[in-house]
Amino acid sequence: MKVSRDQMDRIDEMVGSRARDPLAVRQRVEAMEKLLEGMFVIPGINRRVGLDFIVGLVPVVGDIITAAMGSYLIWEARNLGMSKFQMTRMAGNIGIDTLFGAVPLVGDAFDFLWRSNTKNLRIIRKHLDKHHPETVTIQQ
């Protein structure tokens with residue numbers, strides 16, 4: 001089945017508008033933060049951890065991978081038109097996480113405590129609540 005140029009243009013419009021839709025961005029960044037910071041609960045201490053901690057256990061390489069995954073939140077912030085100052089703060093959070101997380105043993109404890117993606121989600125939520133109040137959801 002061949003797709004016409006008009007059909008492709010409509011698909012591009014739908015995908016492009018969805019990429020910048022504030023509600024869709026909120027849903028994506030919240031899902032990514034949950035994946036990176038709160039996917040599993042450690043039994044006994046009731047502490048949530050995600051891929052950031054688990055993959056970060058692999059020295060250096062794991063921290064680089066999780067930094068790349070965390071950078072997705074900055075890309076979404078750019079889609080929202082957030083200021084360079086806000087995106088720089090977000091990049092700083094990821095940089096601190098990557099720098100200290102790369103140190104063997106101490107870095108694993110740091111990854112357990114420092115939640116850069118949660119901090120970045122808070123920055124994005126603050127922006128969305130101020131500039132796109134229709135996207136506010138009730139937190140559980």
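Whatever comes next refers back to the structure up there.
Note that the coordinates shown come from a computational prediction; the quantities given were computed from them, not determined experimentally.

Account for the overall build of the protein chain, naming residues and giving values.
When you go through the protein chain residue by residue, the secondary structure sums to 7 helices and 2 strands. Each helix and strand of the protein chain, ordered N terminal to C terminal, gives the series α-α-β-β-α-α-α-α-α. With 140 residues in all, the protein chain has 35% of them scored as buried. Within the protein chain, contacts between residues at least 6 apart in sequence are counted, and of these 57% link residues at least 24 apart. Of the accessible surface of the protein chain, which amounts to about 8,800 Å², a share of 66% is contributed by carbon and sulfur atoms.

Just give me the short version of empty space enclosed by the protein, but keep the residues and values in it.
Following the criterion strictly, the structure yields 1 cavity of 30 Å³ or more and no others. Considering only enclosed or pocket space, the largest cavity measures out at about 50 Å³ in volume. Counting residues per element, the ones that place at least two in the lining of the largest cavity are α4 (61–80), α5 (84–101) and α7 (116–131). Along the lines of polarity and charge, the residues of the lining of the largest cavity split into 2 nonpolar, 4 polar and 4 charged.

Residues and numbers for the nonpolar core, please.
In terms of nonpolar packing, the biggest core is built from 17 residues, with V29, L73, A77, L80, M82, M90 and I124 touching the most fellow members. For this core, the secondary-structure elements that each account for two or more residues are α2 (22–37), α4, α5 and α7. The greatest single-element share of this core, amounting to 5 residues, is contributed by α4.

Describe the packing of aromatic side chains, and please don't skip the residues or the numbers.
Tallied over the entire structure, the rule returns 4 aromatic pairs. Summarising the aromatic geometry, the rings of F53 and F112 are spaced 5.5 Å apart at their centres and angled 65° between planes, so their arrangement reads as edge-to-face. Linking F53 in helix α3 (residues 51–56) with F112 in helix α6 (residues 106–113), this pair joins segments that are 59 residues apart in sequence. The class of F53 is buried, set by a relative accessible area of 18%. An aromatic cluster is defined as three or more aromatic residues linked by ring pairs; in this entry it consists of F100, F110 and W114. If you follow R47 out to its NZ or CZ, it ends over the ring of F112, 4.9 Å from the centre. Positioned above the aromatic ring of W114 is the side chain of K119, whose terminal nitrogen or guanidinium carbon lies 4.4 Å from the ring centre.

Can you lay out α2 for me, pointing to particular residues and giving the numbers?
Between its first and last C-alpha atoms α2 spans 22 Å; for 16 residues at 1.5 Å apiece the expected length is 22 Å, and the two agree. P22, A24, V25, R26, V29, E30, M32, E33, L36 and E37 are the residues of α2 that are buried.

Describe unusual backbone geometry, and please don't skip the residues or the numbers.
Negative phi is the rule for most residues except glycine; trans is the rule for most peptide bonds. Unusually for a residue other than glycine, N46 sits at a positive phi of about 55°. In this fold, N46 is placed in the loop between β1 (40–42) and β2 (47–49). The class for N46 is exposed, based on a relative accessible area of 67%.

Quick one: what's the story with the environment of R122, residue by residue and with numbers?
Note on placement: R122 falls in helix α7. Residue classification places R122 among the exposed residues on the basis of a relative accessible area of 54%. R122 sits 32 residues away from M90 along the chain, and the two C-alpha atoms are 9.9 Å apart.

Cut-off values and rules
- Residues numbered from 1 in each chain as written.
- Predicted model: local features only at pLDDT ≥ 70, side-chain atom pairs only at ≥ 80, totals over all residues.
- Heavy atoms only, no water.
- Helix = DSSP H or I, 4+ residues; strand = E, 2+ residues; numbered from the N terminus.
- Buried < 20%, exposed > 50% of the residue type's maximum accessible area, 1.4 Å probe, protein only.
- Contact = heavy atoms within 4.5 Å.
- Areas by Shrake-Rupley, 256 points an atom, 1.4 Å probe, with all protein chains shown as cover.
- 1 Å grid on protein atoms, 1.4 Å probe; cavity = no way out; pocket = protein on both sides within 12 Å on 5 of 7 lines; lining within 4 Å.
- Points joined across faces, edges and corners; volume = space filled by probe spheres on them.
- Nonpolar A, V, L, I, M, F, W, Y, C, P; charged D, E, K, R; others polar.
- Core = buried A, V, L, I, M, F, W, Y, C linked by side-chain atoms within 4.5 Å.
- Phe/Tyr/Trp six-rings, centres within 6.5 Å; stacked < 30°, edge-to-face > 60°.
- Lys NZ or Arg CZ within 6 Å of the ring centre and 35° of its normal.
- Expected span 1.5 Å × (residues − 1).

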